[in-house]
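Analysis of the macromolecular model
What follows is the residue order along each chain.
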Amino acid sequence: MKLNGMGIGHGKSEGEVLQVERPISFLGGVEPKTGAILDRESGKLGESVADKILAFPHGKGSTVGSYVIYQLKKSGAAPAAIVNQKADPIIATGAIISEIPMLSEIPTEILWDGDKAVVNADDGYLDLPDVTENPVVTGILRKGDKILIMKRSNEVGSFQGRWAGISGGVLDDEKPEDAMVREIEEESGLGRESYRLSVTGSPIFARRDTRVWKVHPFLLDIIEGEISLDWEHDEFQWITVDDLGSYETVPRLKNVIDVLLKIDRAEKKRVCD
Amino acid sequence: MHLTKGEERILGGEEGETRRRAMELLVALGDISKAEGLVPIVSAQVAGASFKTISEAGVEFLEELSADAKVTVKSTLNPLGMDREGWRDLGIDEEFAEMQMRILRAYDKMGIELTCTCTPYFVGNRPDSNEHIAWAESSAVVFANSVLGARTNKEGGPSALAAAIIGKTPNCGLQIEENRQPKVEVRVGFEPSFDDFSILGYVIGKSVGQKIPLITGISPAEDEHKAIGAAMAASGAVSMYRFAKDREECSQFDTIEETFSVEREQLNEAREHLNSSDSKPDIVTLGCPHLSVSEMKWIAWFLHGRQPRKDFQTWFCVSRKIANQCPNETAVMRQFGKIACDTCMVVAPIEKLSSSVATDSSKAAVYLPTLCNQKVLFRSRKKLLEMISK
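Residues numbered from 1 in each chain as written. Chains lettered and ligands numbered in written order. Predicted model: local features only at pLDDT ≥ 70, side-chain atom pairs only at ≥ 80, totals over all residues. Heavy atoms only, no water.

1. What about the domain arrangement of chain A?
Residues and elements named next belong to chain A. Segmenting chain A into domains produces domain 1 (2–127) and domain 2 (132–272). The straight-line distance from the C-alpha centre of domain 1 to that of domain 2 is 34 Å. Taken together, the contacts link eight residues of domain 1 with eight residues of domain 2. Of the roughly 570 Å² buried between domain 1 and domain 2, counting both surfaces, carbon and sulfur atoms make up 61%. When the buried surface of domain 1 facing domain 2 is broken down by residue, Glu109, Ile110 and Trp112 rank first, second and third, together holding 68% of it. Inspection of the region where domain 1 meets domain 2 yields two salt bridges. Across the pair Arg252 and Glu109 runs a salt bridge whose closest N-O atoms are separated by 4.0 Å. Taken together, the links from domain 1 to domain 2 amount to two residue pairs in polar contact (both at pLDDT 80 or more). Of the residues belonging to the side of domain 1 that touches domain 2, the class tally is five nonpolar, no polar and three charged. (Domains from an automatic or database assignment. Contact = heavy atoms within 4.5 Å. Buried area = accessible area lost by both parts, 1.4 Å probe. Salt bridge = Lys/Arg side-chain N within 4 Å of Asp/Glu carboxyl O. Polar contact = N/O pair within 3.5 Å; in protein donor to acceptor, adjacent residues only side chain to side chain. Nonpolar A, V, L, I, M, F, W, Y, C, P; charged D, E, K, R; others polar.)

2. A short note on the packing of aromatic side chains
Using the criterion set out here, one finds 11 aromatic pairs over all chains in the structure. A ring pair is formed by A:Trp163 and A:Tyr247, whose centres lie 5.1 Å apart and whose planes are at 75°; its orientation type is edge-to-face. In this pair, A:Trp163 sits in strand β11 (residues 163–164) while A:Tyr247 sits in the loop between β16 (233–239) and α5 (253–272), placing the two residues 84 residues apart along the sequence. Judged by relative accessible area, which is 8%, A:Trp163 ranks as buried. Where B:Tyr121 meets B:Phe122, the ring centres are 4.8 Å apart and the plane angle is 70°; that geometry is what we call edge-to-face. For B:Tyr121, a relative accessible area of 3% corresponds to the buried category. Judged by relative accessible area, B:Phe122 falls into the buried class, the value being 17%. Its guanidinium or amino end placed over the ring of A:Tyr125, A:Lys2 lies 4.2 Å from that ring's centre, counting from NZ or CZ. The cationic tip of A:Arg207 hangs over the ring face of A:Trp112; the distance from NZ or CZ to the ring centre is 4.1 Å. (Phe/Tyr/Trp six-rings, centres within 6.5 Å; stacked < 30°, edge-to-face > 60°. Helix = DSSP H or I, 4+ residues; strand = E, 2+ residues; numbered from the N terminus. Buried < 20%, exposed > 50% of the residue type's maximum accessible area, 1.4 Å probe, protein only. Lys NZ or Arg CZ within 6 Å of the ring centre and 35° of its normal.)

3. Things to note about the nonpolar core
As a rule of thumb, nonpolar side chains are buried together in soluble globular proteins. One finds A:Phe26 and B:Tyr107 to be the most contacted residues of the largest nonpolar core, which totals 118 residues. With eight residues, helix α2 (residues 17–32) of chain B is the largest single contributor of residues to this core. Once residues lying within four places of it in the same chain are set aside, the contact partners of A:Phe26 are A:Leu54, A:Phe56, A:Gly65, A:Val68, A:Ile69, A:Leu72 and A:Ile91. Counting 36 residues, the second-largest nonpolar core is a separate cluster that includes B:Val141, B:Leu286, B:Leu303 and B:Ile322. (Core = buried A, V, L, I, M, F, W, Y, C linked by side-chain atoms within 4.5 Å.)

4. What to know about the interface of chain A and chain B
Of the residues lining the interface, 18 residues belong to chain A; the matching set on chain B comes to 23 residues. Summed over both sides, the interface between chain A and chain B buries roughly 1800 Å², with carbon and sulfur atoms accounting for 65% of that surface. Together, A:Tyr67, A:Tyr70 and A:Ile96 form the three largest contributors to the area buried by chain A at its contact with chain B, with a combined 34%. Counting across the chain A and chain B interface gives two salt bridges. For A:Lys74, the salt bridge goes to B:Glu64, with nearest N and O atoms at 2.9 Å. Joining chain A to chain B, the criterion identifies six residue pairs in polar contact (both at pLDDT 80 or more). Only β2 (6–8), α2 (65–74) and α3 (89–97) of chain A provide two or more residues apiece to the side of chain A that touches chain B. Take the side of chain A that touches chain B: its biggest share by element is five residues, from α3(A). Here the residues of the side of chain A that touches chain B are counted per class, giving 10 nonpolar, five polar and three charged.

5. Examining unusual backbone geometry
In this structure, B:Pro289 follows B:Cys288 across a cis peptide bond, with omega equal to -10°. Positive phi is not limited to glycine here, since A:Glu105 has a value of about 65°. Along the chain, the position of A:Glu105 falls in the loop between β6 (102–104) and β7 (116–120). Despite not being glycine, A:Asp173 shows a phi value in the positive range, around 65°. With respect to the helices and strands, A:Asp173 occurs in the loop between β12 (166–169) and α4 (176–188). Using a relative accessible area of 85% as the deciding quantity, one classes A:Asp173 as exposed.

6. Details of the side chain of B:Asp223
Residue and element names in this part refer to chain B. Position of Asp223 among the secondary structure elements: in helix α9 (residues 222–235). No salt bridge is formed by the buried Asp223; its nearest oppositely charged neighbour, Lys226, is found at 5.1 Å. Look past the residues within four positions of Asp223 in its chain and what remains in contact with it is Phe122, Phe194, Ser292, Ser294 and Glu295. (Lys, Arg positive; Asp, Glu negative; His and termini not counted.)

7. Describing the side chain of B:Ser319
Along the chain, the position of B:Ser319 falls in the loop between β11 (313–318) and α13 (320–325). Excluding its chain neighbours within four sequence positions, the residues that come into contact with B:Ser319 are B:Thr115, B:Thr117, B:Val123, B:His290 and B:Cys341.

8. A few points about the sheet that holds strand β6 (residues 184–188) of chain B
All names here are of chain B. With parallel pairing, four strands are arranged side by side in an open sheet as β8-β7-β6-β9. This sheet does not close on itself; its edge strands, each paired only once, are β8 (242–244) and β9 (258–262). For this sheet the average axis-to-axis angle between neighbouring strands, irrespective of direction, equals 25°. As defined by bridge partners, strand β7 (residues 213–216) adjoins β8 across three bridges and the pair is classed as parallel. (Pairing = 2+ DSSP bridges. Axes fitted to C-alpha atoms, helices over the stretch in contact; angles between N-to-C directions.)

9. Some words on the pairing of β7(B)
Residues and elements named next belong to chain B. What you see with β7 is no split at all: Pro213 and Ile215 on one side and Leu214 and Thr216 on the other are buried throughout. Here β6 pairs with β7 via four bridges, running parallel. Its bridge partner being in β7, Val186 is matched across the sheet by Ile215.

10. Comments concerning the sheet that holds strand β2 (residues 43–46) of chain B
Residues and elements named next belong to chain B. Spatially, three strands are ordered β3-β2-β4 in an open sheet, and the strand pairing comes out parallel. Two strands lie at the open edges of the sheet, namely β3 (74–77) and β4 (133–135), each paired on one side alone. Taking each pair of neighbouring strands and ignoring which way they run, the sheet shows an average axis angle of 10°. Where β2 meets β4, three bridges bridge the pair, whose relative direction is parallel. The residue of β4 that forms the bridge with Ser43 is Ile133. Docked against the sheet, helix α7 (residues 157–166) engages β2, β3 and β4, running at close to 150° with respect to β2.

11. Focus on the domain arrangement of chain B
Interfaces are often sized by the accessible area lost when the parts come together. Residue and element names in this part refer to chain B. According to the domain assignment, chain B consists of domain 1 (5–176), domain 2 (181–273) and domain 3 (275–387). Counting residues at the interface gives 14 residues for domain 1, matched by 14 residues for domain 2. Taken together, the two surfaces of domain 1 and domain 2 that pack against each other cover about 1100 Å², and 68% of this comes from carbon and sulfur. The largest contributions to the domain 1 side of the interface with domain 2 come from Val142, Ser146 and Leu174, which together make up 38% of the buried area. Where domain 1 meets domain 2, there are one salt bridge. Where Arg126 meets Glu222, a salt bridge forms, and the shortest distance between an N and an O atom there is 2.8 Å. Linking domain 1 with domain 2 are three residue pairs in polar contact (both at pLDDT 80 or more). Each residue belonging to the side of domain 1 that touches domain 2 can be placed in one class, and the counts come to seven nonpolar, five polar and two charged.

Written out as structure tokens, the structure reads:
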């Protein structure tokens, strides 16, 4: 799969991924001569960043960290490329003065250790040749302060028995919003006149083995109409967000809902202002 | 980011590899911050001058760069890891001194004024209100934005250097008027004395983080601004504050979203928190940030007629230029300690010389334990002077 991001500096690198889940301070966090990770909270203590596609959320700590990256380069222990969720000046400065290709705006949590990866800072993309992308939509239907969750039947191909929003794959040549309308019709019986679109958000990524689901999230408010299930679900519930914790859901459902409601609140506030 | 034709040319390497790299760094940093373009600057303050902080990698980087890099605007330099003349007297070893001098020569070759101070605004780099500048050194950044009204983001060493080479900086953040409005009001519920300003800044910085505070109920003198700003930048990530002495002045700010107050009690708690030792310090230090002329005069006035206690060292940290302007004061102060020019207690390799330091600066008290492995005696300036004299 290919992910577009913001290219920082220039150049192209290939290598194996080393992913750190927490922000990194290069000063004190990485040994400048060997590339060994010194940060005990990183979960990767003692592993070397040398020649790796180093993925982590963003930098932290002292601005001297930029020079540590430069020193890694001089010692031949620098990462082949740096991939961040959000670029901060310390890491970007280090990457540029050391001529290490860098990308930001990438969901680094879906890069796993050992993945083969190509980073292209000139054109701003990351390629994971051994990982496939599955674009899907997830719709959260809302009625007042409650949201709809549905229990997946035993006939569906994945996550049987788990609770989910309205979801399904985006077909080739189909736009995510058209896929959403189609899936709502199929899974709930509601036509386009029965709800209005309130919020969409940037895609959320979830990974299992060599597959990545690119989830396009939608929040929709019911205007009228009753739910009628198809074969994909056995039952449905209208619940408050607080009750979500007592249901066994598909991965990242809470995450999707939180993102949508946060955008929804922000947009409402802006309208009120 | 939008680039002019001239900027594109530099980025394309038509003015040489060094200028291309400097431009590449500015463009990347501008893109990250969603800047629309670059803006010309009148001056730069470059950090990353002490061998202790930038180490071998920094020396190599600067020497490589200095082969053909030249700054194009007024550029001044942060403190070194030693007094460039009196380093032996401070106890600095030969190896350190040699590396430090290589750094100094590299900056000199690039055309940077070797001011070696965190207070460029005392030594001729003093921009006017609304002028764009690119300064590193957090305490100078906050002073420039808040007291001088000049405009700078908190630059890192390489980005300030790149800005000095190109003469421009990304037009974003505090370069832009609408981002310079205070969002949080901090009401000071008592009349602070000189010794309160540093610790007051520490308390405010802790509470406001990166936000721009409007501090009301204070009317600081310049040295007090220097103290409060340095502390806020160290305990939080404050790059700018506004202040108002009364409600009337306060009413011109209409962007406040939250308000809280600071009482004297919190200052005492913070003092205790920063203090990690009560035994005799190895070195008593003053001058974080570097001492001003008026501070030199006050210290000399206080010490005049007193006798030195010789049982520990004292460092008065000050820029060489200010020290030279105060011959009578330094003559008095030398009876009580060393005039440590070009450097300070935090960026000098003090960990090789000492294990506990006394200071009146909350900025120094924040960094001494982590960057210098020191125990800290946190005391008022008057207490420090009484400690070294009788």
